[in-house]
Amino acid sequence: MTDTRTFTDPLAPAAAGAGWAWILAYGVLSLALGVLAFLNPFAATYAATLVIGAFFIAAGIVSLAAGVMGKHEGRGYAIGFGLLSLVIGVLMAFDPMSGALSLTLLVGVWLGIRGAMEIGLGARFKRGRGLMIALGVVNILLAIYVLATLPWSALTLPGFILGISFVFGGVTSILSALHHKKGAKPFAAPAL
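Model, not experiment: these values are computed from the prediction.

Caption draft 1: Structural view of the overall build of the protein. For the protein, the helix and strand inventory stands at 6 helices and 0 strands. Reading the secondary structure of the protein in the N-to-C direction produces α-α-α-α-α-α. Sorting the 192 residues of the protein into buried and exposed places 26% on the buried side. In the protein, the share of contacts with a sequence separation of at least 24, taken over all contacts with a separation of at least 6, comes to 72%.

Caption draft 2: Spotlight on the packing of aromatic side chains. In total, this model carries 2 aromatic pairs according to the counting rule given. Centre to centre, the rings of F38 and F160 are 5.9 Å apart; their planes meet at 40 degrees, and the pair counts as tilted. One end of the pair, F38, is in helix α1 (residues 20–39); the other, F160, is in helix α6 (residues 152–181), and 122 residues separate them in sequence. Judged by centre distance (5.9 Å) and plane angle (15 degrees), the rings of Y77 and F81 are stacked. Taken together, the residues Y77 and F81, both in helix α3 (residues 75–94) and 4 residues apart, mark about one turn of the helix. Taking relative accessible area as the criterion, Y77 reaches 62% and is therefore assigned exposed.

Caption draft 3: Representation of the packing of helix α2 (residues 41–69) against helix α4 (residues 96–124) in the model. With their axes 9 Å apart at the nearest point, α2 and α4 run at an angle of 90 degrees to one another. Between α2 and α4, the angle is such that the two are roughly perpendicular. Facing F42, T45, Y46, T49, L50 and I52 of α2, the residues of α4 in contact are P96, M97, G99, A100 and L103. Looking at the contact of α2 with α4 residue by residue, the classes come out as 8 nonpolar, 3 polar and no charged.

Caption draft 4: How the structure looks around a nonpolar patch on the surface. On the surface, L29, L33, V35, L36 and L39 cluster together into a nonpolar patch covering about 480 Å² of accessible area. Following the sequence through the fold, L39 ends up in helix α1. When its relative accessible area of 67% is taken as the criterion, L39 is described as exposed.

Caption draft 5: Expanded view of unusual backbone geometry. In this structure, P151 follows L150 across a cis peptide bond, with omega equal to 5 degrees. Turning to its location among the elements, P151 is positioned in the loop between α5 (129–148) and α6.

Caption draft 6: Molecular detail of the environment of G27. With respect to the secondary-structure elements, G27 resides in helix α1. By relative accessible area, G27 is classed as buried at 0%. Through-space distance from the C-alpha of G27 to that of T172 is 7.2 Å; in sequence the pair is 145 residues apart. Look past the residues within four positions of G27 in its chain and what remains in contact with it is G170, S173 and I174.

Caption draft 7: A look at the packing of α1 against α6. Contact geometry of α1 with α6 gives a least axis separation of 7 Å together with a crossing angle of 155 degrees. On the basis of their axis angle, the class for α1 and α6 is roughly antiparallel. For the pair α1 and α6, the sense of crossing is left-handed. Its residues placed into classes, the contact of α1 with α6 shows 17 nonpolar, 9 polar and 1 charged.

Rules used throughout
Residues numbered from 1 in each chain as written. Predicted model: local features only at pLDDT ≥ 70, side-chain atom pairs only at ≥ 80, totals over all residues. Heavy atoms only, no water. Helix = DSSP H or I, 4+ residues; strand = E, 2+ residues; numbered from the N terminus. Buried < 20%, exposed > 50% of the residue type's maximum accessible area, 1.4 Å probe, protein only. Contact = heavy atoms within 4.5 Å. Phe/Tyr/Trp six-rings, centres within 6.5 Å; stacked < 30°, edge-to-face > 60°. Axes fitted to C-alpha atoms, helices over the stretch in contact; angles between N-to-C directions. Parallel < 35°, antiparallel > 145°, perpendicular 65-115°, else oblique. Nonpolar A, V, L, I, M, F, W, Y, C, P; charged D, E, K, R; others polar. Patch = residues over 30% accessible without salt bridge, like charges linked within 9 Å, V, L, I, M, F, W, Y side chains within 5 Å. Areas by Shrake-Rupley, 256 points an atom, 1.4 Å probe, with all protein chains shown as cover. Salt bridge = Lys/Arg side-chain N within 4 Å of Asp/Glu carboxyl O. Left-handed = near helix turned anticlockwise from the far one by under 90°.

This is the structure:
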């Protein structure tokens, strides 16, 4: 009697299209989470602030441990960074709305500085000057809107940003999965 089973080499490259369903499932889940974030941006903001707070707490604990247990030149920095991260994380976890307010304030300031830099850069362009200046103006107007509507914008803006990220990530993954199913590499750059 002969064994007709075939065995595949685990180190051999996967067949074209292998794993496309997982990429598709991730894309669908991401898209669904993005839509949910748009439908309830307050809940998404609350969740995002809690998750960011948890990351700060984890970073603080690890940095404190590295500073206390380690024998290196940066011990003081590691302890200081750990304490700062831990305090910010605890504040965000136990008072997520003040954390959301801080995040929104930072986004507003970032938009304003970015807009000013884009206008300055655009003024020096020979081609694309108008578009770069327009982008700068739009970012400054967004910054003014975000800062003028504080604290109300803090309740929803992080949720909307999260929603946009999840929706675009989901659509990208879905399209990549469908192309990968046909044999293309997942997330492949086009050949030049």
